[in-house]
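Residue-level listing of the chains:
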Protein chains: 4
Amino acid sequence: MTEVHTIKPTPEQLAYTFGGQREPIAKINPGDVVRMYTEDCFGGVVRSAADLPTQVCRFPYLNPVTGPFHVNGAEPGDTLALHFVSITPARDWAVSTTFPHFGALTSTSHTATLQPPLEERVWMYDVDVARGVVRYQATRSDFSVELPLDPMHGTVGVAPGAGEARMTIVPDAHGGNLDSPLLRAGTTVYIGVNVDGGMFAIGDGHCRQGAGEVTGVAVEAAMNTVVAVELIKGVYTPWPRFETDTELMSTGSARPLEDAYRISQHDLVGWVGGLTGLDTLDSYQLIGQAGQAPVANVVDANYTMVASVEKAYLPTISVYEDAHARLRETGREYGTE
Amino acid sequence: MTEVHTIKPTPEQLAYTFGGQREPIAKINPGDVVRMYTEDCFGGVVRSAADLPTQVCRFPYLNPVTGPFHVNGAEPGDTLALHFVSITPARDWAVSTTFPHFGALTSTSHTATLQPPLEERVWMYDVDVARGVVRYQATRSDFSVELPLDPMHGTVGVAPGAGEARMTIVPDAHGGNLDSPLLRAGTTVYIGVNVDGGMFAIGDGHCRQGAGEVTGVAVEAAMNTVVAVELIKGVYTPWPRFETDTELMSTGSARPLEDAYRISQHDLVGWVGGLTGLDTLDSYQLIGQAGQAPVANVVDANYTMVASVEKAYLPTISVYEDAHARLRETGREYGTE
Amino acid sequence: MTEVHTIKPTPEQLAYTFGGQREPIAKINPGDVVRMYTEDCFGGVVRSAADLPTQVCRFPYLNPVTGPFHVNGAEPGDTLALHFVSITPARDWAVSTTFPHFGALTSTSHTATLQPPLEERVWMYDVDVARGVVRYQATRSDFSVELPLDPMHGTVGVAPGAGEARMTIVPDAHGGNLDSPLLRAGTTVYIGVNVDGGMFAIGDGHCRQGAGEVTGVAVEAAMNTVVAVELIKGVYTPWPRFETDTELMSTGSARPLEDAYRISQHDLVGWVGGLTGLDTLDSYQLIGQAGQAPVANVVDANYTMVASVEKAYLPTISVYEDAHARLRETGREYGTE
Amino acid sequence: MTEVHTIKPTPEQLAYTFGGQREPIAKINPGDVVRMYTEDCFGGVVRSAADLPTQVCRFPYLNPVTGPFHVNGAEPGDTLALHFVSITPARDWAVSTTFPHFGALTSTSHTATLQPPLEERVWMYDVDVARGVVRYQATRSDFSVELPLDPMHGTVGVAPGAGEARMTIVPDAHGGNLDSPLLRAGTTVYIGVNVDGGMFAIGDGHCRQGAGEVTGVAVEAAMNTVVAVELIKGVYTPWPRFETDTELMSTGSARPLEDAYRISQHDLVGWVGGLTGLDTLDSYQLIGQAGQAPVANVVDANYTMVASVEKAYLPTISVYEDAHARLRETGREYGTE
């Protein structure tokens, strides 16, 4: 029977790594639903144009996540299915910034140059959940425009394997800071379990984000989020995959960006081949003509690409024991707040 | 007054480079319309599963283009506006293949490994223009599916500057083998002029293509294509840009893929800043939240990314002297065959 | 007063991560000397041509290190100086292999292709410490040749910061699997301390290695190694640096390889500028003409480059409080076994 | 019988592309020797700290080469052997600079960021050929140091194939701006012939250069250079190779830098395998332990890596019909000026 867990972490309870020795914030059963609060990537302390992140935030206390959640019965070699039932901004404002030597159109700690950083600047956004918009306001002119609200979570992941612990800002095979706009309500995320309990966590809500998150910072917001959870036993998922009502998607997180593309397309070719019985080259050919490649982020410690294909192009298939359909159903029952 | 040029090159007239000493196939005036035939990337010789490209094609006679067209009055420092009025498959079949050591999921001449190539194989597609579909047929099983027909040109470009000549399979600042599905009917391409006459050429028709062209080969087809041409004097375009009724787009072609992303996003941030009066960081912020990044190719000599933004998010602006609107109008008049 | 610690870990004591909850294998004082045994990267179980690594090794129990060593008084913000007094092969044989989908001339888990892996094969090497050679013997012909013995450690590092734990096979800012042939006797390594005690560890001995470790596997050997340790208080080192009698060296570990180059050169430009009082561009110019860039590895999770400059080109300078000179002296006293 | 050609091009005779319609500056026979003058990369117009390249140079008239030389009898599929007999600075000064948005520690046109460029600055070097030194002088302090004179040519190449013409600043399979310090006197360069006559050209003398040419500009100098030429019929060389008395070397020019590494190591593995009869994996293993990877440039349109192995590690072999030994002998006869 579905249990609903409501979790609002205190500041001290926020987590900053996937993996490591932290105790779970809750233990849940497969089939349960979690209503959680997630703080924004700045820990909620950037609240006006005067709050420069480098002055009000303290490394490494960035990008807090809510979790980890221990899923009873999850063991290495299984797959967690995390379905986003709803993602709702918790405040009527959100924030974006530049951040020194972070982003795609600046040199960085790794694409290191001798140039000074770009100016650090803050943009405040009004958030209107009812109307489904956020308002961009230029800082050096009067220009202002409403953009569609499209809430998503930048960060979702589990504890990595091999005894590793990773900062929440890193995307990799265990998930983490994937920063894909596709992580919106209606999407199911499949992630391979590496440690007992899986230990998933979620954070980094965005009211919306451009492809690649080119400035390095989206429209950052605290979120009230409902997640429905299932466990697929005995099936491992090497890189996070997504499913929606209409699409199957694989991810890859790596540098250079073409390796993220290769990983995601390679996984999708293999996945579709396995589901359909197409031989490898036939599956490659189909994805080659029908596949999409939505860019997630080109700014994080690894860059993330998604490979997707419409289910309509595939024969009738059962994916992960039809977990997505069941989770949709659960979401319909438990989605209202 | 608009002149309509009808060009169907003989095999000997096909071109294989942008730039070089080749005489123009036609001289046209700004405002003219060209109805052209383009051969497929294999020169039309891969016509069945038995026609392996490495056996029936001969390097460097791959990826022929129709052109070059000399645009009267075009001088270095100007911009050509090439508007795709219509792109129609010329045959009721199209073809795709694997090609040894070419594509994103194989080692290549440059991502060189000691592994043998993937098997070379041919896929034949039925093309139904009336119904707007192509049919994928697996080669090792009975699976078959219709995919939407979405005709585009992989290759469009001008002569490069600095005395260079480049194979048509290379995408770069002069255009070339961009392999973006956005090069469909309704799109205007802006390319900077580097030599007198501009010397544009077009080829490599695709009935459709996945994002990144992951196999290296799309659904390749000969095309009957109508292009309307304008010339913008005294304005140079450093990297090809696209405009549709709803979007502005910049391209970048480079390796690694993140540099293609950087070039395209950088160009769009500057372009939008110039059009709107937004300061650089305000424009960067807007693109960061509203911008898209459709992947073109991750297989060619350079990889190509597109950066796009919806015009609806921008204040009322005039782009390239409203060339796109005029070309749309010309297209409506001259688009029927 | 210098204390000499002799450490030969049992198999159960071997470590497979930098960072994490493992207890230190020993606590030492700055100024102490450690005589340690390190097992080879295969845990010593690949001993003949029949011992294929994928059959006799078990992931993630690869690349064991000896440690971690807790250095009393080491705090975040300090720098550890680890001086290799001697590195001596512990056995009269060493081993190399190919490993499926690992190495620079094969597709990998990240540069993912649809090609099968290269054949897994083992090469056994005779090691003659007295004569200073190892013997390469071809597996498919009679060809054989002696190569100079040049012992080094592929892996040396400390616990990373921000609560992270990383597999020992990863090179990054905390050191780890740098796989640089410069990590030989006579070299001092400087690494920034991120956690109390620093928690350094060493492993992955190589009898020799080509630049880039192109096959992914060097001439792997267990080693008897003597290390002299100092602690520089209040000075942090962002990326590992090396010093020899004649050179200063910075490292960078990243992908793509040009970012590893950028990080290492950027660090060296800044370091030399700080030491000499040269302004940034003057230091950049000097390194630009006098700097070298020895390649470490182009196969690991991050690629590693070294930037180096001869001390003879610099004015008389004191580096890290002259730690290298003192450690050389300590090494002369305690280097004999 | 060896003919000696003495060529000092007028400014109008300088070439700026490999390939294209330019007439040869001379026709020579295999076996001949060329004494040539090459102008520096700035065309000789940067002569003091006040001569900023962006003010005194005019794109694309950068990096002039002396040539092209037509080698009688050279046909596509052959290999040219170009042996540097001597490279002598033609003036008692040389020059280096920063150049806006060019170099490894700055954003560039392709690694595009929104940051302003680094300051453009000129460094003048005194050149003392007799003593074999150049003098570095800091611009913002009194520091000065002599560095060894190590003259080399950054640019050597032939006309590319497939009808292409490339700016001289581009390194690729046809050679070009490889910017490797190994292109010094005593080195033989092998390059595949793509057009009748081969059409080689040489330029971009450097008094010395750091690995990677990190600032983008070496110690640039006009040179008096003696080159001995042979032609190997019926053997094609896909990427430029070098030979010295002690080493065999392959090059690769590509982005990202790991692809340049892969190409060069792949070529060397295949080359050594072919010369020695080692099977592919045995050759891979030998290069893996014995190979070096000297970095050439990490700043040009493609990055260039060299893979090298000592001949002493190989069985007695004949390389390119022993062209290097003969060219050394020719050099001894004709090397004096």
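Chain A appears in an unreviewed UniProt entry as Amidase from Actinorhabdospora filicis.

With an RMSD of 0.0 Å, the operation that places chain A on chain D is a rotation of 180° combined with a shift of 0.0 Å along the axis. Those values place the two copies in the arrangement expected of a two-fold rotation axis. Most of the interface of chain A is mirrored in chain D, where 100% of its interface residues are also at the interface.

This paragraph deals with the sheet that holds strand S20 (residues 295–297) of chain C. Residue and element names in this part refer to chain C. The 9 strands are arranged S1-S4-S17-S6-S15-S18-S19-S21-S20 in an open sheet whose pairing can be described as mixed. The sheet is open, and its two borders are formed by strand S1 (4–7) and S20, each paired with just one other strand. Geometrically, the sheet is characterised by an average inter-axis angle of 25° between neighbouring strands, direction not taken into account. In the sheet, strand S19 (residues 247–254) pairs with strand S21 (residues 303–310) via 8 bridges, with the strands oriented antiparallel. In the strand pairing of S21, Glu247 is matched with Glu310. Across the face of the sheet, helix H2 (residues 257–276) comes into contact with strand S18 (241–243), S19 and S21 while running at roughly 145° to S19.

Quick look at the sheet that holds strand S9 (residues 133–137) of chain B now. Taken together, 4 strands build an open sheet; the order of strands is S7-S8-S9-S10 (chain B) and the sheet is antiparallel. Edge positions in the sheet fall to strand S7 (93–97) and strand S10 (144–148) of chain B, since each has one partner strand and no second. Averaged over all pairs of adjacent strands, the angle between strand axes in this sheet comes to 30°, irrespective of strand direction. Bridge count for S7(B) against strand S8 (residues 122–128) of chain B is 5 bridges, and the pairing is antiparallel. Residue B:Thr97 lies in a different strand from S8(B), and its bridge partner there is B:Val122. Running at roughly 40° to S8(B), helix H3 (residues 280–290) of chain A makes contact with S7, S8, S9 and S10 of chain B of the sheet.

Glancing now at the domain arrangement of chain A. Residues and elements named next belong to chain A. With domains assigned, chain A is organised as domain 1 (4–237) and domain 2 (242–317). Taken over C-alpha atoms, the centre of domain 1 sits 22 Å from the centre of domain 2. In this complex, domain 1 contributes 27 residues to the contact, which on the side of domain 2 involves 17 residues. In total, about 1600 Å² of surface goes out of reach between domain 1 and domain 2, with carbon and sulfur atoms giving 59% of it. Along the contact surface separating domain 1 from domain 2 lie 0 salt bridges.

Before going further, it helps to examine the interface of chain A and chain D. Facing 15 residues of chain A, the contacting portion of chain D comprises 15 residues. With both sides pooled, the region where chain A packs onto chain D buries about 990 Å², and carbon together with sulfur makes up 60% of that total. The largest per-residue losses of area from chain A upon contact with chain D belong to A:Leu105, A:Leu114 and A:Gln115, which jointly make up 49% of the total buried on that side. Viewed at the interface, chain D and chain A are joined by 0 salt bridges. In this assembly, chain A and chain D are joined by 6 residue pairs in polar contact (both at pLDDT 80 or more). Residues that form the side of chain A that touches chain D fall into these classes: 8 nonpolar, 6 polar and 1 charged.

One frequently used descriptor of interface size is the decrease in accessible area upon assembly of the parts. The interface of chain C with chain D comprises 64 residues on the first partner and 64 residues on the second. The contact between chain C and chain D buries some 5100 Å² in all, and 62% of this surface belongs to carbon and sulfur atoms. Between chain C and chain D we count 4 salt bridges in total. Across the salt bridge formed by C:Asp279 and D:Arg121, the nearest N and O atoms sit 2.9 Å from each other. On the surface where chain C and chain D come into contact, there are 40 residue pairs in polar contact (both at pLDDT 80 or more). Elements with a minimum of two residues in the side of chain C that touches chain D: strand S7 (93–97), strand S8 (122–128), strand S10 (144–148), H2, helix H3 (280–290) and S21 of chain C. With 10 residues, H3(C) is the largest single contributor of residues to the side of chain C that touches chain D.

Turning to the pairing of S19(C), a few remarks are in order. With 7 of 8 residues buried, S19(C) lies mostly within the body of the structure. In this antiparallel pair of consecutive strands, S18(C) and S19(C), the connection spans 3 residues.

Here we take up the packing of helix H2 (residues 257–276) of chain B against helix H3 (residues 280–290) of chain B. Residues and elements named next belong to chain B. Interhelical geometry of H2 versus H3 gives an angle of 120° and a closest axis separation of 9 Å. Here H2 is positioned oblique relative to H3, judged by the angle of their axes. Like other packed secondary-structure pairs, H2 and H3 cross with a definite hand, here right-handed. Contact with H2, carried on its side by Gln265, Leu268, Val269, Val272 and Gly273, involves Thr280, Ser283, Tyr284 and Ile287 of H3 and no other residues of that element. Tallied by class, the residues present in the contact of H2 with H3 amount to 5 nonpolar, 4 polar and no charged.

This brings us to the relation of the copies chain C and chain D. With an RMSD of 0.0 Å, the fit of chain C onto chain D corresponds to turning through 180° and sliding 0.0 Å along the axis. By residue overlap, the copies meet face to face through one surface: 100% of the interface positions of chain C are interface positions in chain D.

Residue and element names in this part refer to chain B. Looking at the secondary structure, you find Asn194 in the loop between strand S15 (188–192) and strand S16 (198–206). A polar contact of 3.0 Å, which involves the side chain of Asn194, links it to the backbone oxygen of Ala159. Within the structure, Asn194 has its side chain in polar contact with the side chain of Tyr236 (distance 2.6 Å). Once residues lying within four places of it in the same chain are set aside, the contact partners of Asn194 are Pro76, Val158, Ala159, Pro160, Gly161, His174 and Tyr236.

Moving on: the pattern of salt bridges. Residues and elements named next belong to chain B. For the coordinates displayed, the defined rule picks out 84 salt bridges over all chains. One salt bridge connects Arg332 with Glu329, and the closest N-O pair in it is separated by 3.0 Å. Of this pair, Arg332 and Glu329 both sit in helix H4 (residues 323–334), separated by 3 residues, roughly a single helical turn. In this structure Arg332 comes out as exposed when scored by relative accessible area, which is 53%. For Glu329, a relative accessible area of 41% gives the class partly exposed.

Another aspect to go through is the state of the cysteines. For the structure on display, the rule yields 0 disulfides over all chains. Cysteine B:Cys41 shares no disulfide, and the gap to the nearest cysteine sulfur, in B:Cys57, comes to 7.5 Å.

Applying the stated criterion to the full structure yields 24 aromatic pairs over all chains. Centroid distance B:Phe69 to B:Phe200: 4.9 Å. Interplanar angle 20°. Geometry classified as stacked. In this pair, B:Phe69 is assigned in strand S5 (residues 65–71) and B:Phe200 in strand S16, connecting sequence segments 131 residues apart. You'll find B:Phe69 and B:Phe200 in the same group, each marked buried. Look at C:Tyr16 and C:Tyr61: their rings are 5.2 Å apart centre to centre, the planes differ by 85°, and that puts the pair in the edge-to-face class. Placement of C:Tyr16 in the loop between S1 and strand S2 (17–18) and of C:Tyr61 in the loop between helix H1 (53–56) and strand S5 (65–71) is noted, with a sequence separation of 45 residues between them. Aromatic rings pair up to connect A:Tyr125, A:Tyr136 and A:Phe143 into one cluster. The side chain of C:Lys8 reaches across the aromatic face of C:Tyr37, ending 4.4 Å from its centre. C:Arg241 extends its terminal NZ or CZ atom over the ring of C:Trp271, reaching a point 4.4 Å from the ring centre.

Moving on, we come to the environment of D:Gln289. Locating D:Gln289 in the fold gives a position in helix H3 (residues 280–290). With a relative accessible area of 0%, D:Gln289 lands in the buried category. Counting along the chain gives 138 residues from D:Gln289 to D:Pro151, while the straight-line C-alpha distance between them is 30 Å. Residues contacting D:Gln289, with those up to four places away along its chain left out, are C:Ser96, C:Tyr125, C:Leu147, C:Arg208, C:Gln209, C:Gly210, C:Thr215, C:Val217, C:Ala218 and C:Val219.

Turning our eyes to something else, we now look at the environment of A:Pro294. Relative to the elements of secondary structure, A:Pro294 occurs in the loop between H3 and strand S20 (295–297). Once you skip the residues sitting within four places of it in the chain, A:Pro294 turns out to touch A:Leu182, A:Met305, A:Val306 and A:Ser308.

Residues and elements named next belong to chain B. Here Phe200 falls in the buried class, since its relative accessible area comes to 0%. Separated by 25 residues in the primary sequence, Phe200 and Gly175 place their C-alpha atoms 9.4 Å from one another. The contact partners of Phe200, leaving out residues within four places of it in the chain, are Ile28, Met36, Gly67, Pro68, Phe69, Val71, Leu80, Leu82, Gly157, Val158 and Val229.

How each quantity is defined
Residues numbered from 1 in each chain as written. Chains lettered and ligands numbered in written order. Predicted model: local features only at pLDDT ≥ 70, side-chain atom pairs only at ≥ 80, totals over all residues. Heavy atoms only, no water. Least-squares fit on C-alpha atoms with pLDDT ≥ 70 in both. Contact = heavy atoms within 4.5 Å. Pairing = 2+ DSSP bridges. Helix = DSSP H or I, 4+ residues; strand = E, 2+ residues; numbered from the N terminus. Axes fitted to C-alpha atoms, helices over the stretch in contact; angles between N-to-C directions. Domains from an automatic or database assignment. Buried area = accessible area lost by both parts, 1.4 Å probe. Salt bridge = Lys/Arg side-chain N within 4 Å of Asp/Glu carboxyl O. Polar contact = N/O pair within 3.5 Å; in protein donor to acceptor, adjacent residues only side chain to side chain. Nonpolar A, V, L, I, M, F, W, Y, C, P; charged D, E, K, R; others polar. Buried < 20%, exposed > 50% of the residue type's maximum accessible area, 1.4 Å probe, protein only. Parallel < 35°, antiparallel > 145°, perpendicular 65-115°, else oblique. Left-handed = near helix turned anticlockwise from the far one by under 90°. Disulfide = S-S within 2.5 Å. Phe/Tyr/Trp six-rings, centres within 6.5 Å; stacked < 30°, edge-to-face > 60°. Lys NZ or Arg CZ within 6 Å of the ring centre and 35° of its normal.

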